[in-house]
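Results of the structural survey
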Amino acid sequence: MKLGLIAGNGRFPFLLLDAARAEGYEVVVAAIREETDPEIDRRAEADADITVHWLSLGELSRLIETFQSAGVTQAVMAGQVKHKQIFSSIRPDWRLAKLLLNLRTRNTDMLLGAVAKVLGDEGIELISSTAFLEPLLALEGVLTERAPTEDECRNIEYGLKVANAVAGFDIGQTVVVAAQACVAVEAMEGTDAAIERAGLLMGSLDGDASTLERRLTIVKVAKPNQDMRFDVPVIGMATVEAMIRADASCLSVEAGRTLLFDRGALLERARQAGIAIVAVPRAS
């Protein structure tokens with residue numbers, strides 16, 4: 001059994017790699033030069049059933065050729081590829097350039113959906129990025145010792161309305177709320193950077209006293225028609241650390257459609273910081 005792994009940044013590719021190997025898959029990794037942690041090479045050196053091929057983000061044709069040469073017919077995307085990269089100095093090959101020119105909009109769903117179709121046309125099926133990691137999906141309910149306060153619950157209720165609207169346009173999946181007011185909306189910078197931006201904004205307010213609770217609530221959702229093959233919401237230790245720096249006290253994620261990495265350490269760090277984390281059901 002062979003599996004192609006298109007590896008972005010962060011720990012996601014490594015967790016998926018471990019899970020696939022545990023199930024007996026030989027893994028062919030397409031490591032993105034602009035994103036993937038070089039640690040992936042050391043993993044391959046220690047395991048003969050892992051091979052790594054380094055590609056630039058713009059080399060779609062080479063990605064296809066790499067998988068076809070290795071006999072890969074199923075592949076998975078794991079790890080973030082920053083959306084802003086499509087405006088960076090990468091040079092798209094002819095296949096990617098043609099794909100980009102034919103897109104109506106260059107949001108994540110449109111771009112990655114087009115890449116998935118190209119792969120499929122070449123005999124490479126892109127499967128769900130949670131296929132090997134379903135135990136890491138957040139279950140509905142309060143995940144920390146502390147439950148959200150009444151004020152935080154009001155923030156979540158308001159934040160879900162805003163976040164679902166924003167996610168519906170594929171702009172971002174996270175909003176930051178304080179006192180039922182939207183402080184920041186995630187765009188190309190990503191969740192953690194949006195949290196830090198909100199923290200800086202709140203820290204710039206004059207005076208210590210306020211009639212409004214200034215601590216931040218983070219609300220992260222999946223898209224209304226989330227394609228589980230890519231851009232699945234992920235929460236890890238870096239998000240909790242960003243919340244601590246921003247003086248955020250509560251995090252709401254979507255149950256069944258959000259991956260929690262390093263769950264034990266993440267929840268313990270949240271407990272130490274007095275952060276409440278809750279997984280809410282998908283909005284109807």
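Everything that follows concerns the structure shown earlier in this document.
Residues numbered from 1 in each chain as written. Predicted model: local features only at pLDDT ≥ 70, side-chain atom pairs only at ≥ 80, totals over all residues. Heavy atoms only, no water.

**Structural notes on the overall build of the chain**
How we decide: Numbering goes from the N terminus for both helices and strands, where a helix is a DSSP run of H or I of at least four residues and a strand is a run of E of at least two. As defined in this context, the radius of gyration uses C-alpha atoms, and a globule is described by 2.2 Å times the residue total to the power 0.38. Exposed residues in this analysis have more than 50% of their type's maximum accessible area, buried residues have under 20%, and partly exposed residues fall in between, with area computed by a 1.4 Å probe over protein chains only. Computed with a 1.4 Å probe, the accessible areas rest on the Shrake-Rupley method; for each residue, only the protein chains presented here act as cover. Positive charges come from Lys and Arg alone, negative charges from Asp and Glu alone, with His and the N- and C-terminal ends not counted. Charged groups are reduced to one reference atom each: NZ for lysine, CZ for arginine, CG for aspartic acid, CD for glutamic acid.
Counting its regular elements, the chain contains nine helices and 13 strands. For a compact globule of 284 residues, the expected C-alpha radius of gyration is about 19 Å, and the chain comes in at 20 Å, within 12% of that figure. Seen along its three principal axes, the alpha-carbon backbone of the chain occupies a region of about 65 × 40 × 35 Å. With 284 residues in all, the chain has 50% of them scored as buried. Summed over all atoms, the accessible surface of the chain reaches about 13,400 Å², with 53% contributed by carbon and sulfur. A distance of 4 Å separates the average location of the 30 positive side-chain charges in the chain from that of its 40 negative side-chain charges.

**A word on the sheet that holds strand β8 (residues 181-185)**
The condition is simple: Two strands qualify as a pair provided that DSSP identifies no fewer than 2 bridges between them. Any pair of residues with heavy atoms lying within 4.5 Å of one another is described as a contacting pair. Angles shown run from 0 to 180 degrees and are taken between the N-to-C directions of axes, each axis being a line fitted to C-alpha atoms and, for helices, limited to the stretch in contact.
Strands sit in the order β6-β13-β11-β9-β7-β8 across an open sheet of six strands; the sheet is mixed. Edge strands, defined here as strands with exactly one partner in the open sheet, are β6 (141-142) and β8. The strands that helix α8 (residues 237-246) touches are β9 (216-220) and β11 (248-254); relative to β11, the one it contacts most, it runs at about 145°.

**Quick notes on the sheet that holds strand β2 (residues 26-32)**
Here five strands make up an open sheet; going across it, the order is β3-β2-β1-β4-β5 and the pairing parallel. Across the chains shown, the open sheet's two edge strands, defined by having one partner strand only, are β3 (50-55) and β5 (125-126). With six bridges joining them, strand β1 (residues 2-7) and β2 adopt parallel strand pairing. Paired with Leu 5 across the bridge in β2 is Val 29.

**Things to note about the pattern of salt bridges**
Quick reminder of the rule: Think of a salt bridge as a Lys or Arg side-chain nitrogen and an Asp or Glu carboxyl oxygen that are within 4 Å of each other.
Overall, the coordinates contain 19 salt bridges when judged by the stated rule. The partner of Arg 95 in a salt bridge is Glu 122, and the shortest N-O contact between them spans 3.3 Å. In this pair, Arg 95 sits in helix α4 (residues 94-101) while Glu 122 sits in the loop between α5 (108-121) and β5, placing the two residues 27 residues apart along the sequence. Notably, a salt bridge pairs Arg 154 with Asp 151, separated by 3.5 Å at the nearest N-O pair. Linking Arg 154 with Asp 151, this pair stays in helix α6 (residues 150-168), spanning three residues, or about one helical turn. Within the structure, one salt-bridge network assembled from shared partners comprises Arg 21, Asp 47 and Asp 49.

**What about the layout of surface pockets?**
Rules: In this analysis a 1.4 Å probe is tested at points of a 1 Å grid over the protein atoms alone, and where it fits but cannot get out there is a cavity; an open set with protein on both sides within 12 Å along at least five of seven lines is a pocket; lining residues have an atom within 4 Å of a point. Grid points are joined across faces, edges and corners, and a volume is the space filled by probe spheres set on the points. Nonpolar residues are Ala, Val, Leu, Ile, Met, Phe, Trp, Tyr, Cys and Pro. Charged residues are Asp, Glu, Lys and Arg, and all others, Gly as well, are polar.
In this structure, the second largest pocket encloses a volume near 190 Å³. Counting only elements with at least two residues in the lining of the second largest pocket, the list comes to α4 and α5. When its residues are assigned to classes, the lining of the second largest pocket shows four nonpolar, one polar and four charged.

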